[in-house]
Amino acid sequence: MSTFQAPKGTYDLIPPNSAKYLAVREAIAAPLKNSGYGYIETPGFEDVALFARGVGESTDIVSKEMYAFETKGGDQLALRPEGTASVLRAALEANLHKAGSLPVKLWYSGSYYRYERPQKGRYRHFSQVGAEAIGAEDPALDAELIILADQAYRALGLRQFRILLNSLGCRECRPVYRDALQGFLRGLDLDEDTRARIELNPLRILDDKRADVQKQLVGAPLLRDYLCEACRTYHGEVRGLLGAAGVVYEDDEKLVRGLDYYTRTTFEFVHDGLGSQSAVGGGGRYDGLSEMIGGPALPSVGWALGVDRTVLALEAEGVELDIPAATSVFAVPIGDEARRVLFGVVTELRRAGVAADFSYGGKGLKAAMKAANRSGARYAIVAGERDLADGKVQLKDMESGEQGPVALDAVVEALSSRVLG
Ligand code: ATP
Ligand code: MG
């Protein structure tokens, strides 16, 4: 222990567990890379106003959870709480929407920061992999993103997740619904904070987790009944395409999600093994966001999947990821001459693409073999002065325990063909 610990609400990714996080990020990214999405990386902080405008002043994310600060130079910045506003800002700044044909399809992976009450599955620093398809209004695009997330989770071996789907309407029909909902909510017995929310962000009240609130919400007007013809048709198309792709989803009229910028399609991936932090990912269409941050009209859709919660979901289901051993060959030299020779062999093995490691620090045979065992390597090569004098090394199969001499000048070849096939 040092004097310091990871800050509250954060944790370190440490081997061997950290390999799972890498595997999850790669598994989520793979279907995106395979579907025309290009990699984008944006700064960890942005002008605070980007999030205030883009995510929404009245959202929890902006009003309660944001790490906002002033720099020595007087700039008002915030650690990014989510990815979409930054990605859209970057795409507009680089004029990607003018450079080629639309949609611009991008994926990202990184750290996000929210000042939340820490608990299992809810951290102040967490990581997401996300995807955005910018500048096209096409139900096939909404369907594509949901299908790709489903494919990623399935490839990881997750089974107990569900897809919740809803439409939030558009700027034509949502205001009409908002009015009706406000009328209904004003008649309820709600605390002061929630009453204030009726005027600011009434849809979010539908998402209130408290049982006494949920009880009163029975009979609330449903957005489904207020969707305009265009929104209804659009949503029907998305549902049809998902069905045709064999993706199972549930209609959830109360799914509103925490960000102001969503329009039409919204969806969430929930996992039943996670308790109250059940959302592993979510997203939707955000047709108005570009204009909200000063850009042209660019109807877009995207999602972000939480890496931390996906790892927890895998653990909850008992899924073991197929993570190949980090080391295939471990070299154990006995004596100085053997150290120089085997270090050369390890270097050659690595150059040949074989994952190899070495017993450092002049350990004795017993301690070195223990290190070889721990490394998970399938093969150990052991050599002392006598072996080298004979031009040989001992090759041990750690799985079967079999051991035998191999000519020193043939060992790289022998191991490469065994490990790489
Ligand atoms: P919740 O309702 O649980 O607060 P959210 O709606 O705020 O989630 P999003 O903004 O949609 O979450 O982010 C997408 C995903 O990122 C979530 O589904 C979750 O997996 C992950 N995520 C969000 N906030 C956190 C956090 N504080 N800690 C860990 N993961 C998080
Ligand atoms: Mg949240």
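The rules behind the values
Residues numbered from 1 in each chain as written. Chains lettered and ligands numbered in written order. Predicted model: local features only at pLDDT ≥ 70, side-chain atom pairs only at ≥ 80, totals over all residues. Heavy atoms only, no water. Phe/Tyr/Trp six-rings, centres within 6.5 Å; stacked < 30°, edge-to-face > 60°. Helix = DSSP H or I, 4+ residues; strand = E, 2+ residues; numbered from the N terminus. Buried < 20%, exposed > 50% of the residue type's maximum accessible area, 1.4 Å probe, protein only. Lys NZ or Arg CZ within 6 Å of the ring centre and 35° of its normal. Domains from an automatic or database assignment. Near = heavy atom within 4 Å. Polar contact = N/O pair within 3.5 Å; in protein donor to acceptor, adjacent residues only side chain to side chain. Areas by Shrake-Rupley, 256 points an atom, 1.4 Å probe, with all protein chains shown as cover. Nonpolar A, V, L, I, M, F, W, Y, C, P; charged D, E, K, R; others polar. Pairing = 2+ DSSP bridges. Contact = heavy atoms within 4.5 Å. Axes fitted to C-alpha atoms, helices over the stretch in contact; angles between N-to-C directions. Expected span 1.5 Å × (residues − 1). Arc of directions from axis to C-beta. Salt bridge = Lys/Arg side-chain N within 4 Å of Asp/Glu carboxyl O.

**Quick word on the packing of aromatic side chains**
Phase 1: All chains considered together, the criterion is met by 12 aromatic pairs.
Phase 2: A centroid spacing of 4.8 Å and a plane angle of 55° characterise the contact between Y11 and Y123, whose relative ring orientation is tilted. One end of the pair, Y11, is in the segment before α1 (18-33); the other, Y123, is in the loop between β5 (104-113) and β6 (125-134), and 112 residues separate them in sequence.
Phase 3: Note on Y123: relative accessible area 15%, which makes it buried.
Phase 4: Taken together, a centroid distance of 5.5 Å and an interplanar angle of 75° make the contact between F343 and F358 edge-to-face. Separated by 15 residues along the polypeptide, F343 in helix α13 (residues 336-351) and F358 in strand β13 (residues 356-358) bring together distant segments of the chain.
Phase 5: Ring pairs connect the aromatic residues Y153, F161, F267 and F269, which therefore count as one cluster.
Phase 6: We note R80 situated over the ring of Y112; from NZ or CZ to the ring centre the distance is 4.5 Å.
Phase 7: A cation over a ring is seen here: R124 above Y115, with NZ or CZ 4.0 Å from the ring centre.

**Looking at the domain arrangement of the protein chain**
Phase 1: Looking at the protein chain, the domain boundaries give domain 1 (17-173 + 227-317) and domain 2 (329-420).
Phase 2: Here the C-alpha centre of domain 2 lies 47 Å away from the C-alpha centre of domain 1.

**Quick look at the site of ligand 1**
Phase 1: Close contacts around ligand 1 come from 14 residues, with R114, E116, R122, Y123 and R257 the closest.
Phase 2: In the model, an oxygen atom of ligand 1 is placed 2.8 Å from a nitrogen or oxygen of the R122 side chain.
Phase 3: Separating an oxygen atom of ligand 1 from a side-chain N or O atom of Q128 is a distance of 2.9 Å.
Phase 4: The fraction of the free accessible surface of ligand 1 (590 Å²) that becomes covered by protein chains is 88%.
Phase 5: Looking at the shell around ligand 1, the elements that each hand over two or more residues are β6, β10 (279-285) and β11 (300-306).
Phase 6: Of all the elements, β10 adds the most residues to the shell around ligand 1, at three residues.
Phase 7: For the shell around ligand 1, a count of residues per class yields five nonpolar, four polar and five charged.

**Brief notes about the sheet that holds β11**
Strand-to-strand pairing in sheets goes through backbone hydrogen bonds, with the strands running parallel or antiparallel.
Phase 1: Strand order in the open sheet made by the eight strands is β1-β5-β6-β11-β10-β9-β7-β8, with mixed pairing throughout. At either margin of the open sheet sits one strand with a lone partner, and together these are β1 (38-39) and β8 (250-251).
Phase 2: The sheet contact formed by β6 and β11 spans seven bridges and is antiparallel. Among the inter-strand pairings, A131 is bridged to a residue of β11, identified as W303.
Phase 3: The strands touched by helix α6 (residues 139-156) are β5, β6, β7 (161-167), β9 (263-271), β10 and β11; relative to β11, the strand with the most contacts, the crossing angle is about 15°.

**Considerations on the pairing of β6**
Phase 1: Judged by how many residues are buried, β6 sits mostly within the fold: nine of 10 residues are covered.
Phase 2: Inspection of the sheet shows β5 paired to β6 by 10 bridges, in the antiparallel sense. Pairing of V104 across the sheet is with I134, part of β6.

**Comments concerning α13**
Phase 1: Helix length check: α13 (16 residues) gives 23 Å between terminal C-alpha atoms against 22 Å at 1.5 Å per residue, within 8%.
Phase 2: Of all the residues in α13, the buried ones are A338, L342, V345, V346 and L349. Along the long axis of α13, the arc covered by the buried residues comes to 100°, so they all point the same way. Looking at α13, the residues exposed on the side facing more than 90 degrees away from the buried face are R340 and R351.
Phase 3: The first or second residue beyond α13 is G353, which carries a positive phi of 95°.

**Notes on the sheet that holds strand β14 (residues 379-383)**
Phase 1: As summarised here, the arrangement of the five strands in space is β13-β12-β14-β15-β16, forming an open sheet in which the pairing is mixed. The two strands at the open ends of the sheet, each matched to only one other strand, are β13 and β16 (403-407). With direction set aside, neighbouring strand axes in the sheet form an average angle of 25°.
Phase 2: Relative to β16, strand β15 (residues 392-397) runs antiparallel, the two sharing five bridges. Directly across from K392, in β16, lies its bridge partner A407.
Phase 3: Of the strands in this sheet, β12 (329-333), β14 and β15 touch helix α14 (residues 365-375), which is tilted by about 175° from β12.
Phase 4: Contacting β12, β14, β15 and β16, helix α16 (residues 411-420) crosses the sheet at an angle of about 170° to β14.

**Quick look at the pattern of salt bridges**
Phase 1: Taken as a whole, this structure holds 27 salt bridges when the rule is applied.
Phase 2: Salt-bridge contacts for R162 lead to D272; the nearest nitrogen and oxygen are separated by 3.0 Å. Highlighted residues: R162 in strand β7 and D272 in the loop between β9 and β10, separated in sequence by 110 residues.
Phase 3: For D272, a relative accessible area of 48% puts it in the partly exposed group.
Phase 4: Across the pair D207 and R204 runs a salt bridge, and its minimum N-O distance is 2.7 Å.
Phase 5: Owing to a relative accessible area of 24%, D207 belongs among the partly exposed residues under this scheme.
Phase 6: Each member of the salt-bridge network shares a partner with another, and the members are E46, R89 and E93.

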